[in-house]
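Spelled out, the chains give:
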Amino acid sequence: MYMKTAASLPASSNMLRLLFYVTAVLHFSTFGSTQVCLGESECALCTVTGPTVITVQGQAHSVQDRCVYTLIKTSSIPDVKVKATFKERRRQDHHFLDSVILSLEGESSGTISLEQGGRVKVDDTEETLTSTEKDFHGVTLFKTEAGVTAKIIETTYSMIVFFDGYTAQIYIKGPTGQAPAVEGLCGNSDGELSNDKLDDDSEDGCETPHTDTTAKPDNCDEMTTHCNLLTQESFTACHDNVATGPYVTACTNTLCHYPAGDGLKCQFLEAYARACSLYTDDNIESWRSNAACSQGPQAYCQDQYCSPDEFCGDKSSGDGTRCHCRAIFASPYRTEDTLGDPAVCDGSSQSITLVGCLLEDKDISYTDLHLYDKTCRAEKDDTTHLVTISFDSSTNPCGTMIKMNSDDEVINKNAVKLETTNKELVDFTCPFVIPDINIDFSVNIKVKSGTSGSPSVAYVTTGIWDYVLTMKAYTDAQRTQEVTGDTKLKLSQRVWFALVANGLNDKVALVIQSCFATHEDSADADQKYYLISDRCPNTDDKTVEVESNGQGTSDFFSFKMFQFFGETRDVYLHCRTNLCIKSKEVCVSNCDQTNRRRRSAKSKLKNHSSTIVTMAWGS
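Everything quoted here is computed from the prediction, not taken from an experiment.

A. Structural view of the overall build of the protein chain. From N to C terminus, the protein chain includes eight helices and 38 strands. Within the span of the protein chain, comprising 619 residues, buried residues form 54% of the whole. Here the analysis covers contacts within the protein chain between residues at least 6 apart in sequence; of these, 63% occur between residues at least 24 apart. In the form shown here, the protein chain has an accessible surface area of approximately 27400 Å², with 44% of it arising from carbon and sulfur atoms.

B. Up close: the pattern of salt bridges. Under the criterion given, the structure shown has 22 salt bridges. A salt bridge links K197 to E207; the shortest N-O distance between them is 2.7 Å. Taken together, the positions of K197 in the loop between β15 (182-183) and α2 (220-227) and E207 in the loop between β15 and α2 put the pair 10 residues apart, joining distant regions of the chain. The partly exposed category is assigned to E207, whose relative accessible area is 49%. Put simply, R288 and E270 hold a salt bridge, and the shortest N to O gap is 2.6 Å. A residue pair is termed long-range when its members are at least 10 positions apart, and R288 in helix α5 (residues 286-290) and E270 in helix α4 (residues 264-276) qualify at 18 residues.

C. Spatial organisation of the sheet that holds strand β8 (residues 120-122). Ordered by their spatial adjacency, seven strands build an open sheet running β9-β8-β7-β6-β5-β4-β15, and the pairing between neighbours is antiparallel. In the strand order of this sheet, the two ends are held by β9 (125-127) and β15, each with one partner. Of the pairings in the sheet, the one linking strand β4 (residues 68-74) to β15 comprises two bridges and is antiparallel in character. Bridge pairing links T74 to V182 in β15.

D. Expanded view of the confidence of the model for the protein chain. Summarising the model, the protein chain shows a mean pLDDT of 83, and 84% of its residues fall at 70 or more. Counting contacts from residues 1-35, a segment whose pLDDT is below 50, to residues more than four positions away or on other chains yields 121 contacts. Ignoring residues within four places in sequence, the model shows residues 449-455, a span with pLDDT below 50, making 15 contacts including any to other chains.

E. Seen up close, the state of the cysteines. Throughout the structure, instances matching the rule amount to 14 disulfides. Two residues, C536 and C591, share a disulfide whose sulfurs are 1.9 Å apart. The sign of the S-S torsion, about -80°, decides the handedness of the disulfide formed by C536 and C591: left-handed. Separated by 55 residues along the polypeptide, C536 in strand β33 (residues 536-537) and C591 in the loop between β37 (571-581) and α8 (596-602) bring together distant segments of the chain. Residue classification places C536 among the buried positions, given a relative accessible area of 1%.

F. How the structure looks around the packing of α2 against helix α3 (residues 245-255). At their nearest, the axes of α2 and α3 sit 9 Å apart, and the two run at 160° to each other. Regarding the angle of α2 to α3, the classification is roughly antiparallel. Pair α2 / α3 crosses with right-handed handedness. Between α2, through M223, T224, H226 and C227, and α3, the contact on the second element is made entirely by V248, C251, T252 and L255. Of the residues in the contact of α2 with α3, the class split is five nonpolar, three polar and no charged.

G. Seen up close, a negative patch on the surface. A contiguous patch of negative charge, built from D79, E105, E107 and E154, is present on the exposed surface. Residue placement: E105 occurs in the loop between β6 (95-104) and β7 (110-114).

H. Quick look at the nonpolar core. Counting residues in each nonpolar core, the largest one holds 42 residues, and the members touching the most others are I112 and M159. Setting aside residues up to four positions removed in sequence, I112 forms contacts with V100, I101, L102, L104, V120, K121, V122, F136, V139 and L141. Membership of the second largest hydrophobic core comes to 38 residues, among which are L510, F557, L573 and W617.

I. Summary view of the pairing of strand β28 (residues 465-474). With respect to burial, β28 is a largely interior element, seven of its 10 residues being buried. In this structure, β28 lies alongside strand β30 (residues 494-502), joined through seven bridges in antiparallel fashion. Each bridged residue has a counterpart across the sheet, and for A473 the counterpart in β30 is F497.

J. View of the side chain of Q57. Inspection of the secondary structure puts Q57 in the loop between β2 (52-54) and β3 (60-62). Among the polar contacts made by the side chain of Q57, one reaches the side chain of T55 at a distance of 3.0 Å.

K. How the structure looks around the sheet that holds strand β19 (residues 349-355). Here four strands make up an open sheet; going across it, the order is β18-β19-β22-β21 and the pairing antiparallel. Across the chains shown, the open sheet's two edge strands, defined by having one partner strand only, are β18 (344-346) and β21 (379-380). Sheet topology places β21 next to strand β22 (residues 386-392); two bridges connect them, and they run antiparallel. Directly across from E379, in β22, lies its bridge partner T388.

L. Local environment of helix α6 (residues 327-336). Here α6 has its buried residues at A327, I328, A330 and Y333. Against β5 (80-88), β17 (321-325), β19 and α7 (356-361) lie the buried residues of α6. Immediately beyond the C-terminal end of α6, within one or two residues, lies D337, with a positive phi of roughly 55°.

Basis of the calculations
- Residues numbered from 1 in each chain as written.
- Predicted model: local features only at pLDDT ≥ 70, side-chain atom pairs only at ≥ 80, totals over all residues.
- Heavy atoms only, no water.
- Helix = DSSP H or I, 4+ residues; strand = E, 2+ residues; numbered from the N terminus.
- Buried < 20%, exposed > 50% of the residue type's maximum accessible area, 1.4 Å probe, protein only.
- Contact = heavy atoms within 4.5 Å.
- Areas by Shrake-Rupley, 256 points an atom, 1.4 Å probe, with all protein chains shown as cover.
- Salt bridge = Lys/Arg side-chain N within 4 Å of Asp/Glu carboxyl O.
- Pairing = 2+ DSSP bridges.
- pLDDT = per-residue confidence, 0-100.
- Disulfide = S-S within 2.5 Å.
- Axes fitted to C-alpha atoms, helices over the stretch in contact; angles between N-to-C directions.
- Parallel < 35°, antiparallel > 145°, perpendicular 65-115°, else oblique.
- Left-handed = near helix turned anticlockwise from the far one by under 90°.
- Nonpolar A, V, L, I, M, F, W, Y, C, P; charged D, E, K, R; others polar.
- Patch = residues over 30% accessible without salt bridge, like charges linked within 9 Å, V, L, I, M, F, W, Y side chains within 5 Å.
- Lys, Arg positive; Asp, Glu negative; His and termini not counted.
- Charge placed at Lys NZ, Arg CZ, Asp CG, Glu CD.
- Core = buried A, V, L, I, M, F, W, Y, C linked by side-chain atoms within 4.5 Å.
- Polar contact = N/O pair within 3.5 Å; in protein donor to acceptor, adjacent residues only side chain to side chain.

So this is what it looks like as structure tokens:
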């Protein structure tokens, strides 16, 4: 039987073109032939791919928001309504089909949701599907590598819904002379889509328009040429049965304004090929190599499940796929250049939550994240993909430090650190919760022995040099008031330190490689808080100031006093030093933020033996 093209069908016929892969059609033995639109029957097909709905009349309409719509409802199968949700992906101003929902009424009432990655939920319960058919609420479901299919077969009419995570096709078949009357987006002939919007099912604000400052692709001529492959020889066997116009329109309207990744270049061609498979048994598979698309029908991102705030797309490396942040969801974080939400402080309980897809954007694995105490690690929720570090400071402070902010308020400070670089990704503070500690809280500096047993003194022999290294603390910037064991210091009071090497000539400079604090009397303790790293002040601690380092045989720095929260032990300050030969090495680092990485690499010291001196303080 010869089938008219969509372009030649009158609008009143409500006939649709069917769109399925040959491998999927083989499951439709109920209809008696592979080309199920042939024979004594009336066929109706609607295709939704990307933002475009190709209606029963062969018209292409574009959905412009993130709302839920009725795709199909028909008096021919009155107890079934097919709905669709649309969401953004990489751009805030473009919205794509995200899920298909079968709403069932009557005796078999319930809902069946077909989602990205081939996930299927029946009444909000996730079901595992295979190629073996299963029945739910009178609907037969099965899953192949091409996607998920739902079949509803009644006495006179039947409906098939196919969804591969990105393209949906709804096919209705009835007896000759009884074409189904289709309502919803699939039956919309005037382009006015608002009547089919389901406000009760949609999220608040789904209609709000969004702008995107990201540059749009400048390759429309190339994409138009690609989309016009549908009109060329590879698809000749289809042209008498399936009009190319709506599919070319859907393809060009999207790819001229949206990045061509994430399988989009093949998505529209796949949709047309699936429609063609119903009207001919000619082999048209040559189109795949001509269009540089994968061989065989295979759903993009099959079995890769993302959270509602994510979508599955190509990795930036081009090697595989991953879950990306949806553009509208991620926009507030990217605008503020943050990786998550502010810390939550609830008494002694503290937590910070980071967004998994934002971390992946920076190639950060949550398994590399910890607090000041390395044993306090990040955990990732398998459903939301949010990354959280929580702790109760009354039982495990996780290395939290007691400091003061600019308002003289005592706070708990901690940070999420990246283990591979020791960099603080996010620092956070909470009000201090122990009432008997206030801004008058005092600590006593007390000097611990150096390597020789004398207070803050190390006798060093390295190469041809013998020298005495001392570290002293002062309460004034001029370094005239030395701190002794009897000196009272307030929390967050600035203290000035001097490291002096006696016994060296002016050809050699003393360089502080690093200074870090531990709550153990060992420089090898796992938990370290760095004040100076790579010869430069820790940029995450604004109280650290380095006045002189590597200029001569004396180095000077200062910072505000702190304690590790919940620790009764002393805080130990360890400074690792090295010698630098001025005539052969660059001894002074440029610690400017923009040049630090480049300059520190240039001025790397030769492998002289390093020395550590230690000082401690406590309450």
